[in-house]
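Here's the letter readout for the chains.
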Amino acid sequence: MSQRYTLKNKVGINGLGAGVWNLGPGGDPFGGPTREAIPVLDRLPMLAEAGMSFYEAHDHEIPAEDAPRAVKIAKANGLKCAMYTPSFFADPIFKDGGMTNNDAAIRKTALENAKRAVDTTVVLGAKTMVFWNGREGFDFMLAKNGRDAFKRLVEGFNKVGQYAKEKYGSKIRFALEPKPNEPRANMYLANVGEVLYLISRLDENVQPLFGVNPETAHSRIAGLDYVWDIELCLEAGKLFHIHLNAQDGQRYDQDLPFGYTEPLKDLALLVVLQDAKYKEIICFDVKAPRTDEQKNIADILHVSSKNLIWLWERALAVDRKKIEQFRAEKRATALAGYLAGCLYGK
Ligand code: GLO
Ligand code: MG
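In this report, we go over the structure that sits alongside the text. (Residues numbered from 1 in each chain as written. Chains lettered and ligands numbered in written order. Predicted model: local features only at pLDDT ≥ 70, side-chain atom pairs only at ≥ 80, totals over all residues.)

1. Quick notes on helix H5 (residues 192-200)
Here is step 1: Every buried residue of H5 is listed here: Val 192, Val 195 and Ile 199. Down the axis, H5 shows its buried residues gathered within 65° of arc, on one side only. Seen from the open side of H5, the exposed residues pointing more than 90 degrees away from its buried face are Tyr 197 and Ser 200.
Here is step 2: Contacts made by the buried residues of H5 are with strand S6 (173-177), strand S8 (210-212) and helix H7 (226-235). (Buried ≥ 20, exposed ≤ 12 C-beta atoms within 10 Å, placed from the backbone. Helix = DSSP H or I, 4+ residues; strand = E, 2+ residues; numbered from the N terminus. Arc of directions from axis to C-beta. Contact = placed C-beta atoms within 7 Å.)

2. Quick notes on helix H10 (residues 320-328)
Here is step 1: For H10, a buried count of 0 out of 9 residues is recorded, marking the element as mostly open to its surroundings.
Here is step 2: Among the residues trailing H10, Lys 330 stands out with phi positive, at a value near 60°.

3. Quick word on the pairing of strand S4 (residues 128-132)
Here is step 1: Along S4, 5 of the 5 residues are buried, which leaves the element largely enclosed by surrounding structure.
Here is step 2: Of the two faces of S4, the one lined by Thr 128, Val 130 and Trp 132 and the one lined by Met 129 and Phe 131 are each fully buried.
Here is step 3: In this fold, the crossover linking strand S3 (residues 80-85) to S4 by way of helix H3 (residues 104-124) has right-handed handedness.
Here is step 4: With 5 bridges joining them, S4 and S6 adopt parallel strand pairing. Among the inter-strand pairings, Thr 128 is bridged to a residue of S6, identified as Arg 173. (Right-handed = clockwise from strand over helix to strand, strands pointing away. Pairing = 2+ DSSP bridges.)

4. Remarks on the sheet that holds strand S2 (residues 54-58)
Strand pairing in a sheet is mediated by backbone hydrogen bonds. Such pairs are either parallel or antiparallel.
Here is step 1: In space, the 8 strands of this open sheet follow the order S8-S6-S4-S3-S2-S1-S10-S9, with parallel pairing throughout. Where the open sheet ends on each side, the last strands, each with one partner, are S8 and strand S9 (243-244).
Here is step 2: As paired elements, S9 and strand S10 (residues 282-284) share 2 bridges and run parallel to each other. By the bridge assignment for S10, Leu 244 is matched with Phe 284.

5. Notes on the site of ligand 1
Here is step 1: By nearness alone, every residue bordering ligand 1 is listed as His 58, Thr 85, Val 130, Trp 132, Glu 177, Lys 179, Glu 215, His 243, Asp 253 and Asp 285.
Here is step 2: Looking at the shell around ligand 1 residue by residue, the classes come out as 2 nonpolar, 3 polar and 5 charged. (Near = placed C-beta within 6 Å. Nonpolar A, V, L, I, M, F, W, Y, C, P; charged D, E, K, R; others polar.)

6. So, the environment of Ala 82
Here is step 1: By the secondary structure assignment, Ala 82 is in strand S3.
Here is step 2: Residue Ala 82 is classed as buried on the basis of its 27 C-beta neighbours within 10 Å.
Here is step 3: Along the backbone, Ala 82 and Thr 128 are 46 residues apart, and their C-alpha atoms lie at a distance of 6.9 Å.
Here is step 4: Contact partners of Ala 82, with chain neighbours within four places excluded, come to Gly 17, Phe 54, Tyr 55, Glu 56, Ala 126, Thr 128, Ile 281 and Cys 283.

7. Digging into the packing of H3 against helix H4 (residues 146-168)
Between two packed helices, both the angle of their axes relative to each other and the distance between the axes serve to describe the pair.
Here is step 1: Relative orientation of the contacting elements H3 and H4 amounts to 35°, with a least axis distance of 10 Å. Of the two possible hands of crossing, H3 and H4 adopt the one that is right-handed. Across from Arg 107, Ala 110, Leu 111, Ala 114, Lys 115, Val 118 and Val 122 in H3, the residues of H4 making contact are Arg 152, Gly 156, Lys 159, Val 160, Tyr 163, Ala 164 and Tyr 168.
Here is step 2: Residue composition of the contact of H3 with H4, by class: 9 nonpolar, 1 polar and 4 charged. (Axes fitted to C-alpha atoms, helices over the stretch in contact; angles between N-to-C directions. Left-handed = near helix turned anticlockwise from the far one by under 90°.)

8. A few points about the packing of H10 against helix H11 (residues 332-344)
Here is step 1: Between H10 and H11, whose axes approach to 8 Å, the crossing angle comes to 160°. By the angle class used here, H10 and H11 are roughly antiparallel. The handedness of the crossing between H10 and H11 is right-handed. Along the contact surface, H10 presents Lys 322, Ile 323 and Phe 326, while H11 presents Ala 334, Leu 335 and Tyr 338.
Here is step 2: Taken together, the residues of the contact of H10 with H11 break down into 5 nonpolar, no polar and 1 charged. (Parallel < 35°, antiparallel > 145°, perpendicular 65-115°, else oblique.)

Below is the structure:
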């Protein structure tokens, strides 16, 4: 069995994960693929080979009928499913959203897809289903009534939550992933705060099943600080899952290797996760760049994992007492320098 990346002294579940879509053919809005598309199920052994212990997939990548085969392949490769997710964005029927669509028939289809995805999540053995808002949003003002759209989200998540609860008890949890834009100009559930607000509006009996899947790059695209975003999830007891990657500021979604753009901030993030004893799975949401050749398609997973491991170990070595001391002395700049020393020093 191939070597797997692990994090020293990580509480709870160890081993790292990535999405099958992370090993895509390299298309972007301006040009077609630069590599041949690898059949989705063939990507599972590749993820294992790249040191992953977990995989993630959408319903259009591993549809319900392929799930039993995915289970077999995953098992043979010592891989587990970290999360499964209904796409709500790939099929043209959802071009103007699923749960928030103005057309009641499309909302119904979205709900059916979500329920089917709950069942497939169980078949795949994952404990988490992620919802990313995908096309839930608007490009033109007043194209949707925002207040109604929000109510539709509440209603949709209540129904999916109810379905999962009745059928599977508390076996499956849901993690909602915020993103401010792309593919829509404006997306509902744009940031962690909005997702937490939505959760606060859900029926009390399903509320405990819902949490957040923050993605570091999405906070960055929104111009927000991901350390604070994640601290807020932790404070709410809602950090159910996490997507790590990197981003060059506010521009199109890049899904760069974790640790690439803001290592100092990443170090601080890992201090936060360690101190909170984060026990869930850590997954990457990175995109093998268009310029990488097929034979090197998994480089981005190795680079992300190694960066994470280095930073994680440096974070373990950060003297928490020193942080307290700098806070007490009101020396924020000196604290920043201390952290830099932990990263760049010997
Ligand atoms: C896109 C999102 C997307 C989600 C995935 C899981 O920007 O990050 O990749 O993570 O659809 O629901
Ligand atoms: Mg993501």
